[in-house]
Amino acid sequence: MASNSAEVAGVAQRVREGMADGVLSFPLTSFGDDGGLDLAAYRAYLTDQLATAPGAVFPACGTGEFFSLDEDEYRAVVRATVEVADGRLPVVAGIGYGWAQALRFARIAEEVGADALLVLPHYLVGAPQDGLVEQLRRIADGTRLPLIAYQRGQVAFSVDGLRRIAEIPTVIGLKDGHSDLDRLQRLTLSAPEDFLFFNGAATAEIQARAYATVGVPAYSSAVHAFAPEIANAFFTALRDGNDAVVTVLLREFYVPLVELRDRVPGYAVSLVKAAARLRGLPVGPVRAPLTDPGPTDLADLEKVLDHGLSLVGAVRRSA
C-alpha cells in the first residue's frame, strides 16, 4: 500500500518532538467487573492521562492488554484514543501476532485515525533475521501508517537486520526491550540519523540513565499510567541532569516497585492497574491470564505508591 513520504516524515517528526518533551504514555484499558470493555471509563481515564502532557500516547499495547482485546474492542479503544487526543499528540496503536493478523489490526487503526503503529513481537516462535525483516515488510506493504518495531522476547535485530528494516520507507523507529546496551549501541550507530529509538524495558526508568549513555534517552513509562506526577518528575530531573532527584526516586520508589513487580508473573501490568485503582482511576480489573494482586501485595503496593507520591509533593486520591 503506497505511503506518502512527507506524511511519514511528519509523523516521525511529531513523535521525535514529543519524546523530547515528555514520557511516552501507554494507557491501561478499562474493563468492568464483568470483564467487558468499559469505554466510558476508558475515555475518562485517558482524559486525565493526556492532561499531564505526555509526548505521545500508545493505546492497546502491552500495558493496555492488547493480547486480550478482540478486533471490535480494539477498534473502540483506538478510536476513543484518537478522539480524546484530538490531534494534540501522536497516537501510536499496538498491533501484533503474525503479519497477517497484525495487518487486520493495522487496517482498523488506520481506519479510525491512528497516526502510527507499534509492531509488538510476533506470536510464539523464534525466527531468523530474514524472517523478522520480511515480517515488517509484509506489514508495511499492507498499511500506509508508519511503523515502530518492538524488539523483545524472541525478536532481536542484528546490525544488518536493523539496517534492512530502516530501508523500509515506513519503518521509522525501534523500541528496545532487551536492555543489551552493547548490542543497542551498535544498532544506534548503524541506523540512519533520523531513525527513532525508545527504551522499552520493563519499568524503563530503572535503566533510563544507562540507555541515555548510548543515545537513547526516550522511554515508555508504565508509572505514568497510574502516577504521572512521579513519572513527570523523574523525566524532568533526568532531562535536566538533576542526579540527586533521579537517585532518590530510583532508590525510594522505583526499586521497591520493581521488587514488588517481580514477585508474580504478569505484575508488570497487574500492579500498574492495581495502583491506578488505588488512586480512584476507572480502569477495572485485568483480564485472564493476568491476575489482580492479593491483599498482601496490594498493601505493600499502597505503601510504595504513597511514599512515591510524597517524594514529589503529591497525594493519593482515594478510590
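Parameters and conventions
Residues numbered from 1 in each chain as written. Predicted model: local features only at pLDDT ≥ 70, side-chain atom pairs only at ≥ 80, totals over all residues. Heavy atoms only, no water. 1 Å grid on protein atoms, 1.4 Å probe; cavity = no way out; pocket = protein on both sides within 12 Å on 5 of 7 lines; lining within 4 Å. Points joined across faces, edges and corners; volume = space filled by probe spheres on them. Helix = DSSP H or I, 4+ residues; strand = E, 2+ residues; numbered from the N terminus. Nonpolar A, V, L, I, M, F, W, Y, C, P; charged D, E, K, R; others polar. Expected span 1.5 Å × (residues − 1). Buried < 20%, exposed > 50% of the residue type's maximum accessible area, 1.4 Å probe, protein only. Arc of directions from axis to C-beta. Contact = heavy atoms within 4.5 Å. Core = buried A, V, L, I, M, F, W, Y, C linked by side-chain atoms within 4.5 Å. Salt bridge = Lys/Arg side-chain N within 4 Å of Asp/Glu carboxyl O. Pairing = 2+ DSSP bridges. Right-handed = clockwise from strand over helix to strand, strands pointing away. UniProt positions renumbered as here; feature names shortened; annotations may be inferred. Polar contact = N/O pair within 3.5 Å; in protein donor to acceptor, adjacent residues only side chain to side chain.

## Notes on the layout of surface pockets
It is the rolling of a water-molecule-sized probe over the atoms that shows where space remains empty.
No. 1: Taken as a whole, the largest pocket encloses approximately 930 Å³ of empty space.
No. 2: Around the largest pocket, the lining comprises 38 residues; the ones closest to its centre are G62, T63, F67, Y150 and R152.
No. 3: Ranked by residue count, the leading element in the lining of the largest pocket is helix 11 (residues 267-278), at five residues.
No. 4: Residues of the lining of the largest pocket, tallied by class, amount to 24 nonpolar, eleven polar and three charged.
No. 5: Of the voids in this model, the second largest pocket is the one considered here, and its volume is about 270 Å³.
No. 6: If you trace the second largest pocket, you find 16 residues lining it, with V8, P169, V171, I172 and D194 closest to the centre.
No. 7: Elements supplying a minimum of two residues to the lining of the second largest pocket: helix 1 (5-21) and strand 6 (171-176).
No. 8: Looking at which element gives the most residues to the lining of the second largest pocket, the answer is helix 1, with five residues.
No. 9: Tallied by class, residues from the lining of the second largest pocket come to ten nonpolar, four polar and two charged.

## Description of helix 1
Because the α-helix completes a turn every 3.6 residues, residues three or four places apart line up on one side.
No. 1: Between the first and last C-alpha of helix 1 there are 25 Å, a value that for 17 residues agrees with the 24 Å anticipated at 1.5 Å per step.
No. 2: Turning to helix 1, its buried residues number three or more, namely V8, V11, A12, V15, G18 and M19. Angular distribution of buried residues about the axis of helix 1 spans 125 degrees; they occupy a single face of the element. Within helix 1, the exposed residues directed more than 90 degrees away from the buried face are A6 and D21.
No. 3: Turning to helix 1, the residues buried within the fold contact strand 1 (24-25), strand 4 (116-119), strand 6, strand 7 (196-199) and helix 9 (228-240).

## Quick word on the nonpolar core
No. 1: Ranked by size, the top nonpolar core spans 111 residues in total, and within it Y74 and F226 carry the most contacts.
No. 2: Residues within four places of Y74 in sequence aside, it is in contact with A60, F66, L69, A93, G94, I95, F105, I108 and A109.

## Brief notes about the pattern of salt bridges
No. 1: Throughout the structure, instances matching the rule amount to 19 salt bridges.
No. 2: Between R104 and E71 there is a salt bridge; the shortest N-O distance is 2.8 Å. Linking R104 in helix 4 (residues 99-112) with E71 in helix 3 (residues 71-85), this pair joins segments that are 33 residues apart in sequence.
No. 3: One continuous salt-bridge network, built from bridges that share partners, spans E7, E110 and R144.

## Focus: empty space enclosed by the protein
No. 1: Inspection of every chain in the model, using the stated rule, returns one cavity of 30 Å³ or more.
No. 2: One number sums up the size of the largest cavity: a volume of about 100 Å³.
No. 3: What lines the largest cavity is simply V119, L120, P121, H122, L132, Q135, L136, A149, Y150, V155 and F157.
No. 4: Elements that contribute at least two residues to the lining of the largest cavity include exactly helix 5 (129-142) and strand 5 (147-151).
No. 5: Of all the elements, helix 5 adds the most residues to the lining of the largest cavity, at three residues.
No. 6: The residue makeup of the lining of the largest cavity, split by class, is nine nonpolar, two polar and no charged.

## Considering the pairing of strand 3 (residues 92-95)
No. 1: Neither face of strand 3 is open: one carries V92 and G94, the other A93 and I95, and all of them are buried.
No. 2: Bridge count for strand 3 against strand 4 is four bridges, and the pairing is parallel. Paired with G94 across the two strands is L118, which belongs to strand 4.
No. 3: Where the polypeptide runs from strand 3 across helix 4 and back to strand 4, its parallel neighbour, the crossover connection is right-handed.

## What about the UniProt feature "active site" (unreviewed entry) in the protein chain?
No. 1: UniProt tags Y150 and K175 as "active site" (unreviewed entry). For the residues just named, distributed over 26 residues, the greatest C-alpha separation is only 4.6 Å, placing them together at one site. Of the annotated positions mentioned, Y150 line the largest cavity.
No. 2: Position of Y150 among the secondary structure elements: in strand 5.
No. 3: Among the residues examined, Y150 registers a relative accessible area of 8% and is labelled buried.
No. 4: Here the side chain of Y150 touches R152 through a polar contact of 2.5 Å, side chain to side chain.
No. 5: Relative to the helices and strands, K175 resides in strand 6.
No. 6: When residues no more than four places from it in sequence are discounted, the contact partners of K175 are F26, L118, I148, A149, Y150, Q151, F198, G200 and S220.

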